[in-house]
Amino acid sequence: LQAMSGNEQDWLALRPQEPSPSQCCGSGCKPCIYDVYEKELAQWERAKAMQDKSLLMGKKEQSNNSELNPDTFTAFSVSSVEQLTEDTYQYKFELPGNSSLRLSLGQHIVLRGVVNGLEVQRAYTPISPGNAEGYFEVLIKCYEAGLMSQYIKTWKKGDVVFWRGPFGGFPYRPNKHGELLMLASGTGLAPMLPILQSITDDEEDETFVTLVGCFPTFNKIYLKPLLQDLARYWNIRIFYVLSQETSLEKLPWSYQENTYTGHLNEDLMKTVINSCRRRPFVLICGSSAFNEDMSRYLKAAGIEENSCFVF
């Protein structure tokens, strides 16, 4: 077999690496990491065919100019870490100057982590308002065995981490829907918060909102002070469904009348929908099992798929 020429080896070294499955976060990003790879591969093949390496110069792995970008990862520094429950943390990231991420509502961004030499990517939704200046915040649940969680748990103030995006989102327009019904399980609360805040910040927006937050126990409800503040608005109601609480007696009295024990099942779903002032448009965010269950219960309650949006 004839030895590969030095030139061939040079070109092979420049060939983009195909992503491993762990690098895809599975959230349907446009572009997905595989799309970015296809684009870079085509660029490499064109450059190789023309034997012109300058055609590859546009290839950027990551940038430090702190502008969020869907194609490349950008470095952001951790400005604070706050533990909310035993496994859930709120991380604040710095934005240079007084810039803002300018996300539209409910958009997610993708985090890149490296654990034991393996690159992992996951999607998270910032909970800070889209126009927040100088910072953004992300709510993250860490799992015992999660690869990304092992990486995230090491973060301290001042650490630099890499994000790309934004992707997805819900095309919210003020007053388009008479009532929004938000069904959120655990950190599925994240994409709901910027939408809620945009409604309460806009005096002209008279959309009613019913938020149903599903958590295991009272102590595991995230961001209680923020939710209590939101619930004071005339057009916002918040219910809690606590799957591992057996009685409401130990709860503060202010929670007793809007909290249910057990699971958000078909009967409770009908009760909630009947209590809505209008036929709601429904937003759903949770695990895939939660999302499937909710879609099924809504269908049974007569809410069509075109009146639902799943994050």
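Treat the numbers as computed from the prediction; the structure is a model and nothing was measured.

Visitor: So what exactly am I meant to see when it comes to the nonpolar core here?
Guide: Generally speaking, soluble globular proteins have nonpolar side chains that are buried together. By size, the foremost hydrophobic cluster in this structure holds 33 residues, and its most contacted members are Leu180, Met182, Ile195, Leu211 and Leu227. Listing elements by their share of this core, those giving two or more residues are strand E8 (179–185), helix H4 (192–201), strand E9 (208–215), helix H5 (224–231), strand E10 (236–242) and strand E12 (281–285). Sorting elements by how many residues they give to this core places H4 first, with 5 residues. Summarising the domain contributions, this core has at least three residues from each of domain 1 (23–53 + 71–167) and domain 2 (179–310).

Visitor: Even after reading the chapter, I still don't get unusual backbone geometry, so can you show me in this structure?
Guide: Keep in mind that most residues, glycine aside, have a negative phi and that most peptide bonds are trans. Across the junction of Gly165 and Pro166, the peptide omega takes the value 0°, indicating a cis bond. Within the element layout of this structure, Pro166 appears in strand E7 (residues 160–167). Although it is not a glycine, Gln51 adopts a positive phi angle of roughly 50°. Residue position: Gln51 is located in the loop between helix H2 (33–49) and strand E1 (62–63). One non-glycine residue, Arg102, lies in the positive phi region at around 55°. One can find Arg102 in the loop between strand E3 (88–94) and strand E4 (108–115).

Visitor: How do you make sense of the pattern of salt bridges when you look at a structure like this?
Guide: Oppositely charged side chains are able to pair whenever their charged atoms sit close together. Taken as a whole and judged by the stated rule, the model has 11 salt bridges. Between Glu179 and Arg237 there is a salt bridge, with its nearest N and O atoms 4.0 Å apart. In this pair, Glu179 sits in strand E8 while Arg237 sits in strand E10, placing the two residues 58 residues apart along the sequence. For Glu179, a relative accessible area of 0% puts it in the buried group. Of the charged contacts, one joins Asp229 and Arg232 as a salt bridge, the two residues approaching to 2.6 Å between their closest N and O atoms. Among the residues examined, Arg232 registers a relative accessible area of 64% and is labelled exposed.

Visitor: When you look at the domain arrangement of the chain in this model, what are you seeing that I'm missing?
Guide: Accessible area lost on assembly of the parts is the figure often given for the size of an interface. One can read the domain layout of the chain as domain 1 (23–53 + 71–167) and domain 2 (179–310). Computed from C-alpha coordinates alone, the two centres of domain 1 and domain 2 are separated by 27 Å. Overall, the association of domain 1 and domain 2 removes approximately 1200 Å² of surface from exposure, summing both partners, and the carbon and sulfur fraction of that is 73%. Seen at the junction of domain 1 and domain 2, the total is 1 salt bridge. One salt bridge connects Glu86 with Lys220, and the closest N-O pair in it is separated by 3.6 Å. Connecting domain 1 to domain 2 are 1 residue pair in polar contact (both at pLDDT 80 or more). Listed by contribution, the elements that provide at least two residues to the side of domain 1 that touches domain 2 are strand E2 (73–85), E3 and strand E6 (135–141). With 3 residues, the single largest contributor to the side of domain 1 that touches domain 2 is E6. Within the side of domain 1 that touches domain 2, the residues separate by chemical class into 7 nonpolar, 6 polar and 2 charged.

Reading the values: the criteria
- Residues numbered from 1 in each chain as written.
- Predicted model: local features only at pLDDT ≥ 70, side-chain atom pairs only at ≥ 80, totals over all residues.
- Heavy atoms only, no water.
- Core = buried A, V, L, I, M, F, W, Y, C linked by side-chain atoms within 4.5 Å.
- Buried < 20%, exposed > 50% of the residue type's maximum accessible area, 1.4 Å probe, protein only.
- Helix = DSSP H or I, 4+ residues; strand = E, 2+ residues; numbered from the N terminus.
- Domains from an automatic or database assignment.
- Salt bridge = Lys/Arg side-chain N within 4 Å of Asp/Glu carboxyl O.
- Buried area = accessible area lost by both parts, 1.4 Å probe.
- Polar contact = N/O pair within 3.5 Å; in protein donor to acceptor, adjacent residues only side chain to side chain.
- Nonpolar A, V, L, I, M, F, W, Y, C, P; charged D, E, K, R; others polar.

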